[in-house]
Amino acid sequence: MNVLITGTAQGIGKAIAELFLEKGHRVFGIDRLPPSIDRPAYSHVLCDVRDTAKLPNIPDLHVVINNAGTQNEDDIEINLRALIDLTEKYAFHPGIKSVLNIGSASGHTGAEFPRYAASKGGVMAYTKNVALRIAQFGATCNSLDPGGVLTPLNAPVMEDEKLWAAIMDETPLRRWATPEEIAQWAYFLTVTNTFCTGQNILVDGGESINFNFVWTE
């Protein structure tokens, strides 16, 4: 299949792209950073997802994965508005099989920077909107909403021993996901799955179910 993934230079996007390539798919990556993947079946488009005028025409796409995002920079424009523009450009045609939006646990809980949480909450709502409209093609659309993931974006807390200990206290599985684990979920939701649609799939190691119950021993 022909697969479009945004934000493929590092982190979750790179892991998703590499998994699709390993499975024999053709991958087109869009990122404002230079490519970090060098494979015959990979094409890299050096472009900011906000710059809709420079987005290339890519015909015959089967899967669109909106992964590009930021935190505390230009959250609404990058995480939500650009995601919408890109989806409207690439996803609505008879050959499409699935769309996946990479959201965040913050969209469920609101526990983040205000604009970041709002942008990810918008992704959750837009996912349902797309699912309703893309069903005419027999295609699915879901959001994959991770909690903590071991990516460069999260380095400030990963490298702070005190903050990291506090975060682990809030995470029942006592660890964060690897990008490769999130990639497996992305592959399942876009390739293996053919019936689940319009859902916001929370993958957070149990953090959102931790109610901090305190009692005497």
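Structure shown above.
Keep in mind the model is a prediction, meaning the values are calculated, not measured.

Novice: Can you break down the pattern of salt bridges residue by residue, with the values?
Specialist: Within this structure, the stated rule accounts for nine salt bridges. Glu73 serves as the salt-bridge partner of Arg32, at 3.0 Å between the closest nitrogen and oxygen. Pair noted here: Arg32 is in the loop between β2 (26–31) and β3 (42–46) and Glu73 is in the loop between β4 (63–66) and α2 (75–90), with a separation of 41 residues, a long-range link. The partly exposed category is assigned to Arg32, whose relative accessible area is 42%. Since its relative accessible area comes to 44%, Glu73 is described here as partly exposed. Note that Glu77 is salt-bridged to Arg81, the shortest N-O span being 2.9 Å. Placement of both Glu77 and Arg81 in helix α2 is noted, with a separation of four residues, approximately one turn of the helix. Accessibility expressed as a relative area gives 46% for Arg81, which makes it partly exposed. Ionic contacts of the salt-bridge type, sharing partners, join the residues Arg32, Asp48, Arg50, Glu73 and Asp74 into one network.

Novice: How would you summarise empty space enclosed by the protein if you had to cite specific residues and measurements?
Specialist: Counted by the stated rule, this structure contains one cavity of 30 Å³ or more. In this model, the largest cavity occupies a volume close to 50 Å³. What lines the largest cavity is simply Thr6, Val49, Asn66, Asn67, Ala68, Ile78, Ala82, Leu83 and Leu86. Of the residues contributing to the lining of the largest cavity, the split by class is six nonpolar, three polar and no charged.

Novice: Give a description of the layout of surface pockets that names residues and reports values.
Specialist: To locate leftover empty space, one rolls a probe as large as a water molecule over the atoms. If you add up the space inside the largest pocket, you get close to 1200 Å³. In terms of lining residues, the largest pocket is bounded by 47 residues, among which Gln71, Tyr116, Thr151, Leu153 and Asn154 are the most central. Of all the secondary-structure elements, those providing two or more residues to the lining of the largest pocket are α1 (11–22), β2, α3 (106–109), α4 (114–134) and α5 (155–158). Of all the elements, α1 adds the most residues to the lining of the largest pocket, at three residues. Here the second largest pocket defines a volume of roughly 170 Å³. What lines the second largest pocket is a set of 13 residues, and nearest its centre among them are Arg175, Ala177, Glu181, Val203 and Gly205.

Novice: Any details on the nonpolar core? Residues and values, ideally.
Specialist: Judged by nonpolar contacts, the single largest core of 27 residues is most densely connected at Leu4, Ile30, Leu86, Tyr90 and Ile134. Broken down by secondary-structure element, the contributors of at least two residues to this core are β2, α2 and α4. The element that contributes the greatest number of residues to this core is α2, accounting for six residues. Excluding anything up to four places from it in sequence, Leu4 contacts Phe28, Ile30, Ile58, Leu61, Val63, Val64, Ile65, Leu86 and Tyr90. Counting residues in hydrophobic clusters, the runner-up holds 26 residues, among them Val27, Val63, Leu144 and Val203.

Reading guide: rules and limits
Residues numbered from 1 in each chain as written. Predicted model: local features only at pLDDT ≥ 70, side-chain atom pairs only at ≥ 80, totals over all residues. Heavy atoms only, no water. Salt bridge = Lys/Arg side-chain N within 4 Å of Asp/Glu carboxyl O. Helix = DSSP H or I, 4+ residues; strand = E, 2+ residues; numbered from the N terminus. Buried < 20%, exposed > 50% of the residue type's maximum accessible area, 1.4 Å probe, protein only. 1 Å grid on protein atoms, 1.4 Å probe; cavity = no way out; pocket = protein on both sides within 12 Å on 5 of 7 lines; lining within 4 Å. Points joined across faces, edges and corners; volume = space filled by probe spheres on them. Nonpolar A, V, L, I, M, F, W, Y, C, P; charged D, E, K, R; others polar. Core = buried A, V, L, I, M, F, W, Y, C linked by side-chain atoms within 4.5 Å. Contact = heavy atoms within 4.5 Å.

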